[in-house]
Amino acid sequence: MKVTDITANAQTKEQAEENPHLYRILIYGNEGTGKTHFSLSSPEPVCHIDTEGKGHAIFDKFDKKMAYWAPENYDELKQALGEALDVLDAAFEGDLDGVSEGTRGTIVVDSMALAWEWAQQKYVSMAYPGKDVDDVEFESALQSGGESDWKAIKKLHNDQFREIMLASDYHCVWTATSTEDYGAVLSGDADEPPAKPGGEKNNRYKATESVHV
């Protein structure tokens, strides 16, 4: 009896090996360590969502198909992601000039740390009109709407942005600045605070590879 005779949901080893290997990479480090250069070395076509508005300065180093967005807020970020997926869908279907059918390109978000900040700004504009992020002390307890501030912010960043990329059939590369993990010192796991990626804390666990540069 075969595994597939017992359950239609399980895959055989051979079937699993045919599944595409998709990169889910988070690269983090200090400014000027090559994070953007690393991310743009990904499989083409590369859809570069540049929250910092400076990645185009090194485009001349790459001989590959690239599309570029420079959003300035959360709404523009979401729009850029939707358009990037449209480009990669066209490439995969063979409708993009110069790209073979079946090609799986890459979504680059440079950086996810700033995307996390924008999600907070978007939430404040909706929940605390007229205030800036620095004026609001986010609560973990339930608010009148039935959920905490942080839960609502995570929905904007995680459910409505990050998970859309992870559910796609394309490679994803995210960058983030480094911060110091003082929690590791307080817990006794380290004598000196090690580096950790900035942004939403679970991004590093959603990536299949984390690279510190």
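Quick notes on the rules
Residues numbered from 1 in each chain as written. Predicted model: local features only at pLDDT ≥ 70, side-chain atom pairs only at ≥ 80, totals over all residues. Heavy atoms only, no water. Helix = DSSP H or I, 4+ residues; strand = E, 2+ residues; numbered from the N terminus. Buried < 20%, exposed > 50% of the residue type's maximum accessible area, 1.4 Å probe, protein only. Areas by Shrake-Rupley, 256 points an atom, 1.4 Å probe, with all protein chains shown as cover. Phe/Tyr/Trp six-rings, centres within 6.5 Å; stacked < 30°, edge-to-face > 60°. Axes fitted to C-alpha atoms, helices over the stretch in contact; angles between N-to-C directions. Parallel < 35°, antiparallel > 145°, perpendicular 65-115°, else oblique. Contact = heavy atoms within 4.5 Å. Nonpolar A, V, L, I, M, F, W, Y, C, P; charged D, E, K, R; others polar. Salt bridge = Lys/Arg side-chain N within 4 Å of Asp/Glu carboxyl O. Left-handed = near helix turned anticlockwise from the far one by under 90°. Polar contact = N/O pair within 3.5 Å; in protein donor to acceptor, adjacent residues only side chain to side chain. pLDDT = per-residue confidence, 0-100. Expected span 1.5 Å × (residues − 1). Pairing = 2+ DSSP bridges.

**Topic: the overall build of the protein**
Thinking step 1. Secondary structure summary: the protein contains 8 helices and 7 strands in total.
Thinking step 2. Relative to its full complement of 213 residues, the protein shows a buried share of 38%.
Thinking step 3. About 12,100 Å² of surface is accessible on the protein, with carbon and sulfur atoms providing 46% of the total.

**Description of the packing of aromatic side chains**
Thinking step 1. This model, assessed by the stated rule, comprises 5 aromatic pairs.
Thinking step 2. On the basis of an interplanar angle of 90° and a centroid distance of 5.3 Å, the ring pair of Phe 59 and Tyr 68 is categorised as edge-to-face.
Thinking step 3. Its relative accessible area of 29% is what places Tyr 68 among the partly exposed residues.
Thinking step 4. For the pair Tyr 123 and Tyr 128, a centre-to-centre distance of 6.1 Å together with 75° between the ring planes defines the contact as edge-to-face.
Thinking step 5. Counting every residue linked through ring pairs, the aromatic cluster contains Trp 116, Tyr 123, Tyr 128, Phe 138 and Trp 150.

**Quick look at the packing of helix H4 (residues 74–92) against helix H5 (residues 112–127)**
Thinking step 1. Between H4 and H5, whose axes approach to 9 Å, the crossing angle comes to 125°. Here H5 runs oblique to H4, going by the angle between their axes. Every residue of H5 that contacts H4 at Tyr 74, Asp 75 and Leu 77 is listed here: Ala 115, Trp 118, Ala 119 and Lys 122.
Thinking step 2. Its residues assigned to classes, the contact of H4 with H5 shows 5 nonpolar, no polar and 2 charged.

**Re the pattern of salt bridges**
Note that side chains of opposite charge can pair when their charged atoms are close.
Thinking step 1. Scanning the model with the defined rule gives 7 salt bridges in all.
Thinking step 2. Here Lys 154 ties to Glu 200 by a salt bridge, and the two come within 2.5 Å at their closest N and O atoms. Separated by 46 residues along the polypeptide, Lys 154 in helix H6 (residues 149–166) and Glu 200 in the loop between strand E6 (195–197) and helix H8 (203–206) bring together distant segments of the chain.
Thinking step 3. What you see here is one network of salt bridges that share partners, running through Lys 154, Arg 162, Glu 163, Glu 200 and Lys 206.

**A short note on the packing of H4 against H6**
Thinking step 1. Running from amino to carboxyl end, H4 crosses H6 at an angle of 20°, the nearest separation of the two axes being 10 Å. The angle between H4 and H6 falls in the class roughly parallel. At the point where H4 passes H6, the crossing takes the left-handed sense. Contact with H4, carried on its side by Tyr 74, Leu 77, Lys 78, Leu 81 and Leu 85, involves Leu 156, Gln 160, Phe 161, Ile 164 and Met 165 of H6 and no other residues of that element.

**Here's the deal with the side chain of Ser 42**
Thinking step 1. Along the polypeptide, Ser 42 turns up in the loop between helix H3 (35–39) and strand E2 (46–50).
Thinking step 2. Of note is the side chain of Ser 42, whose polar atom sits 2.5 Å from the backbone oxygen of Ser 39.
Thinking step 3. In contact with Ser 42, other than residues within four places in its own chain, are Lys 64, Thr 106 and Val 173.

**Notes on the confidence of the model for the protein**
Thinking step 1. Per-residue confidence for the protein averages 88 on the pLDDT scale, and 86% of its residues sit at or above 70.
Thinking step 2. Per-residue pLDDT, averaged within each element of the protein, yields its smallest value for helix H2 (residues 13–17) (59) and its largest for H4 (98).

**Some thoughts on H4**
For the α-helix, the turn length of 3.6 residues means that residues three or four positions removed from each other point alike.
Thinking step 1. Given a rise of 1.5 Å per residue, 19 residues ought to cover 27 Å, and the 27 Å separating the end C-alpha atoms of H4 matches this to within 8%.
Thinking step 2. Looking at H4, one finds that the buried residues are Tyr 74, Leu 77, Ala 80, Leu 81, Ala 84, Leu 85, Leu 88, Ala 90 and Ala 91.
Thinking step 3. Residues of H4 that are buried in the fold lie against E2, strand E3 (66–69), strand E4 (106–110), H5 and H6.
Thinking step 4. Where H4 begins, the side chain of Asn 73 points an oxygen toward the backbone nitrogen of Asp 75, at a separation of 3.2 Å.

**Quick look at the pairing of E4**
Regular strands have side chains that alternate between both faces of the sheet.
Thinking step 1. The element E4 is largely enclosed, with a buried count of 5 among its 5 residues.
Thinking step 2. Every second residue of E4 is oriented toward a common face, with Thr 106, Val 108 and Asp 110 on one face and Ile 107 and Val 109 on the other, all of them buried.
Thinking step 3. Across 5 bridges, the pairing between E2 and E4 is parallel. Bridging from a neighbouring strand, His 48 pairs with Val 108 of E4.
Thinking step 4. Sheet analysis places E4 next to strand E5 (residues 171–180), joined by 4 bridges and oriented parallel. When the bridges of E5 are listed, Val 108 appears paired with Val 173.

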